[in-house]
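Architecture and fold: a report
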Amino acid sequence: MKPVARNSLLFALSFAVAALATHATAAAPLRVALTFDDSLKDHLLIAAPMLEERGWRGTFCIVTDWIGRDDSRLSWDDIRELVRRGHEIATHTKSHQNLVSLLEKEKGHEVEVRRQIFASADKIAAETGIAPRFLFTPFVQQNDTTARIARELGLRQAEGPRYNFGSNNCDRVATLVADLRANGIERADILTHGVSAADHGGWCPFADRESFRKHLDALAELERKGEIIVTDYDGMVSSCALKAQTWPRHGILSLSFDDTSFDQWEAALPLFAKYDARTTFFVNGTNRIDFMRKALDAGHEIGLHGFNHMDAVETVEERGEDWFWRTDIAPQLDALAAAGIPVSSYAYPNCVHTARTDEMFFSHGFSRVRGRDAAIPNPNPYDPQGESLDQWRPVAETDWLFIPAADFLKARVVPNVIMGESYHTSIEDILRAIERAGWQGEALFVVSHGIEPDAKDISMKTEWLERILSSADDSGILVRGIR
Ligand SMILES: [Zn+2]
Ligand SMILES: [Zn+2]
């Protein structure tokens, strides 16, 4: 979606008025979400009770830096009160910056844009105990990049248009609804900032409580006539998505490849590009800096897998941390750093980790490690001869392989399941697991080694990879690496 002008909050009404003559047909009721931006105190004092009188719940879009700033803004106690009364809380960013301008300033680095979204969503989750699901961008300044970042942070970017109501159009909501329905539109985000200029104002406020009340009465009348259904934003999106399936689902597939199959990985880069999918290559040694650069250029990530693929847990036990770090980590880390290859994650060879070894990596500045707790049985154990198939379990039913997508960036240790014939991978099971991640808003962690058409043993068949990427693409699941 292209960025729209700031005035877009107002634009919608001229469109509606132009088509005024059209009559509502017998179309399905319009799903209407009532949204409230900018964390105003009046949203709790005036708007929420009026909504509740009519049996409605609203969606309150919170700018977290503005909470408790002065008497005109909500406090965290106020927001918890809204949650307690069944309203929905969304993020409207940390400090209400124009995200599209920020992206331009940052020249693709996305650091501040991510912080604007993440810091706010995280604060809301910490203060209310409920992670917000939606990002409403300030000034509706948004595009595909802000949508992608939101998804990477476990949120959905609310879609425009947003129909703002205030003193300039306070008596026109019925006109808008008639027009939208006549045009076959299924849902509408009816936005309000200030609900009473006389009290605490806000951007383009209603003149007084009475005119806001009349606005709601008009909506109640439309609902009584079966022309609209008022719900919160989540309800509006969900009820329409059931029919249209157009809304991206809410899951992450974290895909990584280990060891040294550089040529096969290079050959697979176009396949990843075809589906706009990213992965992490956890490499051994330092031989193929050329491949690492190429992978980075294509948007993938490089992680460490040890200079010589030593088992970190065993080696640290036998020779100590210093020896292990000096021998298997530092040589690879230093060579990659010298070559300008950024590295912030490590995958344990043989998968097994301990809290002690994790801490060693974190204390050296690593942000994430991938490893499995030795005490927890692998659902698809390595079993080339098929001697212990009774221990095989479906990945789709193995809960510890999934974490809430909203926690993706916070988790410092992430699990994995390996794909390959020697693990008796069932591609149908993996596709079901991806589907589960989509429906339940989870992140799933899948690993393999090489990638080739007739892959055996511990590697990924090209056909499997293609089915994984296309099914994730179909259901709007984001495919990314470990980072
Ligand atoms: Zn705003
Ligand atoms: Zn390995």
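The notes below deal with the structure included here. (Residues numbered from 1 in each chain as written. Chains lettered and ligands numbered in written order. Predicted model: local features only at pLDDT ≥ 70, side-chain atom pairs only at ≥ 80, totals over all residues. Heavy atoms only, no water.)

**Some details on the overall build of the protein chain**
When you go through the protein chain residue by residue, the secondary structure sums to 16 helices and 20 strands. Relative to a compact globule of 483 residues, whose C-alpha radius of gyration would be 23 Å, the protein chain shows 26 Å and is just as compact. Dimensions of the protein chain, computed from C-alpha atoms along their principal axes, come out at roughly 75 × 45 × 40 Å. Considering the protein chain as a whole, with its 483 residues, one finds that 54% of them fall into the buried category. Considering only contacts in the protein chain between residues 6 or more positions apart, those separated by 24 or more positions represent 72%. If you sum the accessible surface of the protein chain, you get close to 20,100 Å²; carbon and sulfur atoms cover 50% of it. Averaging the positions of the 53 positive and the 71 negative side-chain charges in the protein chain gives two centres separated by 5 Å. (Helix = DSSP H or I, 4+ residues; strand = E, 2+ residues; numbered from the N terminus. Rg over C-alpha atoms; globule rule 2.2 N^0.38 Å. Buried < 20%, exposed > 50% of the residue type's maximum accessible area, 1.4 Å probe, protein only. Contact = heavy atoms within 4.5 Å. Areas by Shrake-Rupley, 256 points an atom, 1.4 Å probe, with all protein chains shown as cover. Lys, Arg positive; Asp, Glu negative; His and termini not counted. Charge placed at Lys NZ, Arg CZ, Asp CG, Glu CD.)

**So, the nonpolar core**
With 59 residues, the main nonpolar core has Phe272, Phe281, Tyr346, Phe361 and Leu444 as its most contacted residues. Counting residues in each nonpolar core, the second largest holds 36 residues, with Val32, Ile190, Leu222 and Val230 among its members. (Core = buried A, V, L, I, M, F, W, Y, C linked by side-chain atoms within 4.5 Å.)

**Some details on the coordination of the zinc ion (ligand 2)**
Coordination of the zinc ion (ligand 2) by the protein comes from Asp259 (OD), His305 (NE2) and His309 (NE2), over a distance range of 2.1 to 2.2 Å. Within one chain, the residues donating to the zinc ion (ligand 2) are spaced in sequence as D-x45-H-x3-H. Highlighted residues: aspartate 259 in strand E9 (residues 252–259) and histidine 309 in the loop between strand E11 (301–304) and helix H12 (312–319), separated in sequence by 50 residues. Under the relative-accessibility criterion, aspartate 259 is labelled buried at 18%. (Donors = N, O, S within 2.8 Å, 3.2 Å for Na, K, Ca; no water.)

**Focus on the packing of H12 against helix H14 (residues 355–363)**
Each pair of packed helices can be described by the angle between their axes along with the distance between the axes. Their axes nearest at 10 Å, the elements H12 and H14 cross at an angle of 90°. Between H12 and H14, the crossing angle belongs to the class labelled roughly perpendicular. Two secondary-structure elements touch here, H12 through Ala312, Val313 and Val316 and H14 through Arg356, Thr357 and Met360. In terms of residue class, the contact of H12 with H14 is built from 4 nonpolar, 1 polar and 1 charged. (Axes fitted to C-alpha atoms, helices over the stretch in contact; angles between N-to-C directions. Parallel < 35°, antiparallel > 145°, perpendicular 65-115°, else oblique. Nonpolar A, V, L, I, M, F, W, Y, C, P; charged D, E, K, R; others polar.)

**Digging into the pattern of salt bridges**
Evaluated as defined, the whole model comprises 39 salt bridges. The salt bridge partner of aspartate 234 is arginine 133, with a shortest N-O separation of 3.1 Å. Highlighted residues: aspartate 234 in helix H9 (residues 233–244) and arginine 133 in the loop between helix H5 (111–128) and strand E4 (134–135), separated in sequence by 101 residues. In this structure, glutamate 321 and arginine 356 form a salt bridge, with 3.2 Å as the shortest nitrogen-oxygen distance. Taken as a pair, glutamate 321 in helix H13 (residues 321–338) and arginine 356 in helix H14 lie far apart in primary sequence, 35 residues in all. (Salt bridge = Lys/Arg side-chain N within 4 Å of Asp/Glu carboxyl O.)

**A look at unusual backbone geometry**
Residue proline 161 is bonded to the preceding glycine 160 through a cis peptide linkage, with omega at -5°. Its location among the elements puts proline 161 in the loop between strand E5 (156–157) and strand E6 (162–165). Its identity is not glycine, yet glutamate 110 carries a phi of approximately 65°, on the positive side. Looking at where glutamate 110 falls in the secondary structure, it is placed in the loop between helix H4 (99–106) and H5. The class for glutamate 110 is buried, based on a relative accessible area of 11%. Positive phi, normally seen in glycine, also occurs at aspartate 457, with a value near 55°. As for its position among the elements, aspartate 457 is in the loop between strand E18 (451–452) and strand E19 (460–461).

**Observations regarding the coordination of the zinc ion (ligand 1)**
Distances from the zinc ion (ligand 1) to its protein donors, namely Asp38 (OD), His92 (NE2) and His96 (NE2), fall within the range 2.0 to 2.2 Å. In the primary sequence, the donor residues of the zinc ion (ligand 1) line up as D-x53-H-x3-H. Of the two residues, aspartate 38 sits in the loop between strand E1 (30–37) and helix H2 (41–53) while histidine 96 sits in the loop between strand E3 (88–91) and H4, which places them 58 residues apart along the sequence.

**A look at the environment of glutamate 466**
Assignment of secondary structure puts glutamate 466 in helix H16 (residues 462–474). Distance in space between the C-alpha atoms of glutamate 466 and arginine 148 is 22 Å, their sequence separation being 318 residues. The contacts of glutamate 466, once residues within four sequence positions are left out, are Leu271, Lys274 and Tyr275.

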